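Tertiary structure, described
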Amino acid sequence: MKLNTCLIMKSTFLKLGWLGVVLTVGSFRALALDGAVVIANSGVSAGSLSADALKDIYTGKTKYWDGGQAVIIAVLPDKTDAALQQACGMDTSSFKTFWQRLAFSGRGQEPKKAADAAALVALVASTKGAIAIVPADAALDGVKKIEVK
Amino acid sequence: MKKNKRTDTQKVWLTAALGAAAACGASAYEVPLSFLGTNMPPLEFHGFASQGFLYSSDYNYLANDTKNGSFQFSEVGLNVSMNPFPRTRITVQGFDYDVGNVGQYDPFLDYALVEYTFNDEVGVRAGRIRRPSGIYNHIQDVDLARTYVLLPQGVYDARFRDFTASLDGVDVFGDISLGKAGSLAYETYAGMVSMAGNSGMARYIQNNLPPTPVGQFNSIDSTPVMGGQLWWNTPLNGLRAGASFAYLSNFGYHVNVMQPYGPGAMHCVGNVPIQQYSLEYIWKDWTFQAEYYTYDFTGHFYVPAYGNLSVGANWDNPDAWYFGVSHRFNKLIEAGAYYTQFHIRPKNPIPCSFQNDAALSLRFDIKDWWIFKVEGHYIQGTALLRDNADNSNLGSDRGWFMLAVKTTFSF
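Residues numbered from 1 in each chain as written. Chains lettered and ligands numbered in written order. Predicted model: local features only at pLDDT ≥ 70, side-chain atom pairs only at ≥ 80, totals over all residues. Heavy atoms only, no water.

This part takes up the pattern of salt bridges. Within the structure shown, the criterion is met by 24 salt bridges over all chains. Where D110(B) meets R130(B), a salt bridge forms, and the shortest distance between an N and an O atom there is 2.5 Å. Placement of the pair is D110(B) in strand 5 (residues 108-117) and R130(B) in strand 6 (residues 123-130), with a sequence separation of 20 residues. Just as D110(B) is buried, R130(B) falls in that class too. Close ionic contact of R125(B) with D171(B) constitutes a salt bridge, the shortest N to O distance being 3.1 Å. Note that R125(B) is positioned in strand 6 and D171(B) in strand 7 (residues 166-177), a separation of 46 residues in sequence. In this structure, R125(B) and D171(B) share a single accessibility class: buried. The network of salt bridges with common partners includes K63(A), R107(A), R89(B), E115(B), R125(B), D171(B) and E187(B). (Salt bridge = Lys/Arg side-chain N within 4 Å of Asp/Glu carboxyl O. Helix = DSSP H or I, 4+ residues; strand = E, 2+ residues; numbered from the N terminus. Buried < 20%, exposed > 50% of the residue type's maximum accessible area, 1.4 Å probe, protein only.)

Now for helix 3 (residues 81-88) of chain A. All names here are of chain A. Residues A83, L84, A87 and C88 constitute the buried set of helix 3. With its buried residues spanning 110 degrees around the axis, helix 3 presents them on a single face. Here the buried face of helix 3 lies against strand 1 (36-41), helix 2 (51-58), helix 4 (92-103) and strand 5 (130-135). Within two residues after helix 3, G89 carries a phi angle of roughly 80 degrees, on the positive side. (Arc of directions from axis to C-beta. Contact = heavy atoms within 4.5 Å.)

Another point: the packing of aromatic side chains. Between two aromatic rings, the relevant description is the distance of the centres plus the angle of the planes. All chains considered together, the criterion is met by 27 aromatic pairs over all chains. Pairing Y148(B) with Y338(B) gives two aromatic rings, centres 4.9 Å apart and planes at 85 degrees, and the pair type is edge-to-face. Of this pair, Y148(B) sits in the loop between strand 6 and helix 2 (161-164) while Y338(B) sits in strand 17 (residues 333-343), and the two are 190 residues apart along the sequence. Of the two residues, Y148(B) and Y338(B), neither departs from the other in class, the shared state being buried. The structure contains a cluster of three or more aromatic residues connected by ring pairs, namely F104(A), F48(B), F95(B), Y97(B) and F108(B). Over the aromatic face of Y97(B) sits the side chain of R161(B), whose NZ or CZ is 5.2 Å from the ring centroid. Above the ring of W231(B), the side-chain terminus of R240(B) is found at 3.8 Å from the ring centroid. (Phe/Tyr/Trp six-rings, centres within 6.5 Å; stacked < 30°, edge-to-face > 60°. Lys NZ or Arg CZ within 6 Å of the ring centre and 35° of its normal.)

Encoded structure:
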């Protein structure tokens with residue numbers, strides 16, 4: 001009886017070990033934004049962001065830049081969906097619902113929307129603390145490009 | 001209880017007008033403050049308006065006359081926010097709703113808070129705050145934020161939002177990285193919950209009072225509440241597990257009392273611990289959710305005229321759970337289903353002590369600012385009908401149906 005109990009416990013520990021491996025593997029991700037780049041308002045002090053830091057911004061965990069300026073996310077619906085998914089793990093619909101949940105419960109500010117790439121770049125250029133994912137071929141006038149490491 | 005001040009038709013038109021306003025905007029409205037001579041950021045406005053329709057086969061459920069179809073199911077919210085100083089945000093939301101006899105389109109302040117974020121790990125909010133509990137409590141009336149028309153009502157009862165949604169107090173929140181083990185998001189709060197004499201909770205109490213000598217419901221106390229919500233965002237992308245706990249201290253209400261203890265007043269008071277456990281997994285276009293909810297109230301009746309003599313008790317100790325799955329097919333269509341059970345404990349097989357509900361929903365995102373939902377329910381049991389004294393034959397074990405339709409406009 002005692003032996004059987006030990007075997008069961010060993011089996012359980014093995015399963016937990018596999019679960020740990022699965023979770024650890026699941027946590028590893030290399031970021032590559034297909035056909036898109038990250039830009040920010042020229043007043044943003046950061047010149048680069050880690051993939052995790054970018055995800056923290058797009059999932060509302062990081063709400064302020066160093067120095068206290070509020071992060072304002074700007075989006076271009078339909079044009080950068082794949083890159084958005086790579087950046088934060090959510091597709092466009094999930095991302096929209098996620099931020100509506102935050103905004104209508106008093107916990108966050110909904111991302112601003114732009115109609116096209118030029119309008120998005122102009123929006124980021126004119127909005128303090130703004131960040132956006134734009135198509136790689138967009139003209140980046142008046143904004144800074146953020147390197148994602 | 002107050003009577004409806006507006007007809008169903010007027011309410012539909014009010015919602016339609018707000019929807020038209022949303023359609024004209026289709027995006028947030030910004031009001032710059034430069035005319036005040038400041039360089040402060042603009043005020044940003046968002047809003048939504050929902051109009052629902054409920055039809056049920058056997059009982060009047062949620063609204064008053066669902067057996068004939070009812071439009072008494074509406075919500076309107078308008079919020080404004082700004083970041084006036086570094087790391088500081090101020091946000092306010094006004095809200096107006098109607099669910100049967102609850103809400104009645106009396107506008108009120110839903111939340112009004114100042115938030116200061118020290119860093120990602122620690123922030124503080126003060127004012128009127130949405131109370132976090134589980135996946136949906138803080139957004140229970142935001143139709144935009146879910147697939148379903150009706151959330152599982154044993155966990156998120158649409159009639160009890162005055163009791164569950166907000167508190168006046170302080171909330172400390174943050175997100176702590178656990179390295180490869182993911183992260184912990186926490187919120188802990190303390191404050192007061194205020195409930196009106198015509199609220200959903202008041203109606204529920206009134207219809208569940210013990211028999212004579214206890215008489216009619218009179219008023220309900222403001223109640224101290226404290227609690228917290230913890231989410232473990234696991235390393236597996238999209239998987240999170242949560243636990244929440246709330247404690248209402250000396251929750252009480254007053255009733256009129258008859259002979260032999262009256263005529264006079266009687267006070268029922270007791271503590272209410274509330275627990276909720278949640279699991280959510282978002283994988284590609286699929287969302288899987290499961291939650292368990294329970295509270296335990298034992299209120300003792302005291303008669304002030306007899307030196308606070310204890311003359312009995314009233315208790316309520318239900319539990320509820322659900323499992324739901326939803327799938328987004330494309331940008332236009334999302335479908336979802338859930339199965340939920342609600343039980344009054346100790347568990348009993350008689351139909352008025354439980355309510356099981358299987359729901360199937362379709363959501364259409366017609367425009368960025370306009371969604372439409374239709375949902376069918378097959379329900380067994382009648383335990384959640386207790387707030388409506390008009391329902392008869394609650395002991396029938398026959399299954400019954402409900403249709404829920406809702407449209408929401410937002411900007």
